[in-house]
Amino acid sequence: MHPTPTTSFLSQGQRCAAWITCPDGEGPHPAVVLVHGFGATHDMRLEQYERAFADAGMVVLSFDFRHLGASDGMPRQLVSIPRQLADIDAALAFLAGDPRVDPARIALWGTSMGATHVLLTAAKHPGLAAAVVQCPVMNTMNAAFSSGLGAVARLAGPIAVDLIRAVLRLPRRYVPLVDDPGRTAIVTVPGAKDGWYGMLPPGASFDNRVTASVGFELVRLNASRRAASIQAPLLVCVSDRETLTDPRIAARTARSAPRGTALHYPADHFEVYHPPLLDDIIRDQVAFLTRHLRLTALSEAGRD
């Protein structure tokens with residue numbers, strides 16, 4: 001089951017299910033778009049960020065990528081980086097047109113592989129007011145090999161079959177998104193399967209499969225190379241015990257961005273979504289966004 005979307009927007013003619021959370025008071029307010037991780041959907045713990053950012057005075061837009069969750073798109077569970085980047089562009093345009101939103105004060109927030117999307121989007125949108133990423137997977141090429149060459153080799157056949165079936169417009173070849181070490185899946189690092197399923201609230205479901213051809217995209221992609229092109233203030237929340245990728249990549253990316261800042265947490269990839277670290281990381285993100293979206297100054301002006 002999926003929580004009922006509160007709104008929707010079109011991306012390349014297809015409907016993206018979306019959720020808007022608004023702060024108290026009259027706008028226009030600053031806003032933030034939430035970008036989830038690989039194969040994840042809105043009901044996988046985004047609500048805690050929506051609530052915290054809205055309580056701080058921001059309009060929050062979250063959504064399911066096309067082909068996933070409550071959004072339209074066939075085949076189901078298709079993960080395509082270009083399509084997902086188009087969805088984010090559509091989300092930004094949708095939010096900028098909302099009369100409750102100040103279009104000059106819109107930020108992007110991304111978690112896990114959503115950090116790759118945020119970096120690539122921020123590099124081409126110099127008007128963004130800020131960007132935040134946590135437990136970031138910024139170099140999916142590095143992450144793809146984190147399970148070892150054997151895991152990559154096991155995916156070669158399914159990837160080739162799915163690419164051929166896509167060209168011939170045949171039913172797609174699927175592989176699990178995440179599984180235990182030694183199995184054939186996109187992610188097989190120790191603890192990842194428990195981590196993904198630990199994101200599910202009671203009663204929620206998770207379709208643990210993706211079109212295999214996404215593996216071909218992942219082994220070629222390194223969004224961290226675009227850091228130097230990002231003009232917006234960038235907060236990189238680094239998990240120092242990261243399990244899906246090398247945490248040094250995140251720290252280097254923050255240093256490469258002209259206005260980058262790195263904050264470090266004693267966490268693996270999934271601990272940031274749960275207390276007690278959740279409270280710390282949200283507090284730091286709210287402080288960063290409050291500063292760069294000029295929330296404090298405007299609040300004080302309104303009290304004068």
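For clarity, every value in this text was computed on a predicted model and none was experimentally measured.

Colleague: Could you clarify how one ought to interpret the overall build of the chain in this entry?
Modeller: Secondary structure summary: the chain contains ten helices and ten strands in total. For 304 residues, the compact-globule formula gives about 19 Å, and the C-alpha radius of gyration of the chain, at 19 Å, lands near that figure. For the chain, the spread of C-alpha atoms along the three principal axes comes to 65 × 40 × 40 Å. The buried share of the chain, taken over its 304 residues, is 55%.

Colleague: Just checking my understanding: could you explain the packing of helix α2 (residues 81–96) against helix α3 (residues 114–124) for this structure?
Modeller: Packed helices, taken two at a time, are described by the angle their axes make and the gap between the axes. Interaxial distance between α2 and α3 falls to 10 Å at its minimum, and their mutual angle equals 60 degrees. By the angle between their directions, the pair α2 and α3 is classed as oblique. The interaxial crossing formed by α2 with α3 has right-handed handedness. Counting all contacts with α2, which are made through I81, Q84, L85, I88, D89 and L92, the residues of α3 involved are H117, L120, T121 and K124. Broken down by class, the residue content of the contact of α2 with α3 amounts to five nonpolar, three polar and two charged.

Colleague: Just to check I follow, could you spell out unusual backbone geometry for this structure?
Modeller: Note: most residues except glycine have negative phi, and most peptide bonds are trans. With an omega of 0 degrees, the peptide bond between M74 and P75 qualifies as cis. Of note, the amide linkage connecting P275 to P276 takes the cis form, showing an omega dihedral of 5 degrees. Within the fold, P276 resides in the loop between β10 (260–265) and α9 (277–292). Non-glycine residue R45 carries a positive phi angle of around 70 degrees. Here R45 shows up in the loop between β3 (29–35) and α1 (47–55).

Colleague: What am I meant to see in the packing of α1 against α9 here?
Modeller: At a closest axis distance of 10 Å, the pairing of α1 and α9 adopts a crossing angle of 40 degrees. With respect to α9, the element α1 is oriented oblique. By crossing handedness, the relation of α1 to α9 is classed as right-handed. The residues of α9 that touch α1, namely those facing Q48, Y49, A52 and F53, are L278, I282, Q285, V286 and L289. Considered class by class, the residues forming the contact of α1 with α9 number seven nonpolar, two polar and no charged.

Colleague: Got a minute to help me understand the environment of A153 in this structure?
Modeller: Within the element layout of this structure, A153 appears in helix α5 (residues 149–167). As a C-alpha pair, A153 and Q134 span 19 residues in sequence and 29 Å in three-dimensional space.

Colleague: Whenever I open this one, empty space enclosed by the protein confuses me. Can you help?
Modeller: Gaps left between atoms show up when a probe the size of a water molecule is rolled over them. Taken as a whole and assessed by the stated rule, the structure comprises one cavity of 30 Å³ or more. Quantified by volume, the largest cavity comes out at close to 80 Å³. In this structure, the largest cavity is lined by H36, G37, F38, A40, M44, S112, W196, M199, H269, F270 and Y273. For the lining of the largest cavity, the residue count by class is seven nonpolar, four polar and no charged.

Colleague: Explanation requested: the nonpolar core in the structure shown.
Modeller: Across soluble globular proteins, you tend to see nonpolar side chains buried next to one another. Core analysis: the biggest nonpolar cluster contains 100 residues, and V33, F38, Y49, F53, I186, W196 and L289 have the highest contact counts within it. In this view, V33 contacts L61, F63, A91, L92, L95, A107, L108 and W109; residues no more than four positions away in its chain are not counted.

Colleague: Honestly, the layout of surface pockets in this entry has me stumped. Any pointers?
Modeller: Looking at the largest pocket, its volume works out to about 330 Å³. Along the wall of the largest pocket there are 22 residues; nearest its centre are A143, A144, I186, V187 and L218. Elements supplying a minimum of two residues to the lining of the largest pocket: α4 (140–144), α5 and α7 (214–218). Counting residues per element, the lining of the largest pocket draws most heavily on α5, which supplies four residues. Taken together, the residues that form the lining of the largest pocket break down as 16 nonpolar, six polar and no charged.

Colleague: Just checking my understanding: could you explain the pattern of salt bridges for this structure?
Modeller: The final tally for this structure, using the stated rule, is 13 salt bridges. The partner of R100 in a salt bridge is D98, with the nearest N and O atoms 2.8 Å apart. In this structure, D102 engages R105 in a salt bridge whose closest nitrogen and oxygen atoms are separated by 2.8 Å. R105 shares its class with D102; the two are buried. One network of salt bridges, with partners in common, ties together D280, R283 and D284.

Rules used in this analysis
Residues numbered from 1 in each chain as written. Predicted model: local features only at pLDDT ≥ 70, side-chain atom pairs only at ≥ 80, totals over all residues. Heavy atoms only, no water. Helix = DSSP H or I, 4+ residues; strand = E, 2+ residues; numbered from the N terminus. Rg over C-alpha atoms; globule rule 2.2 N^0.38 Å. Buried < 20%, exposed > 50% of the residue type's maximum accessible area, 1.4 Å probe, protein only. Axes fitted to C-alpha atoms, helices over the stretch in contact; angles between N-to-C directions. Parallel < 35°, antiparallel > 145°, perpendicular 65-115°, else oblique. Left-handed = near helix turned anticlockwise from the far one by under 90°. Contact = heavy atoms within 4.5 Å. Nonpolar A, V, L, I, M, F, W, Y, C, P; charged D, E, K, R; others polar. 1 Å grid on protein atoms, 1.4 Å probe; cavity = no way out; pocket = protein on both sides within 12 Å on 5 of 7 lines; lining within 4 Å. Points joined across faces, edges and corners; volume = space filled by probe spheres on them. Core = buried A, V, L, I, M, F, W, Y, C linked by side-chain atoms within 4.5 Å. Salt bridge = Lys/Arg side-chain N within 4 Å of Asp/Glu carboxyl O.

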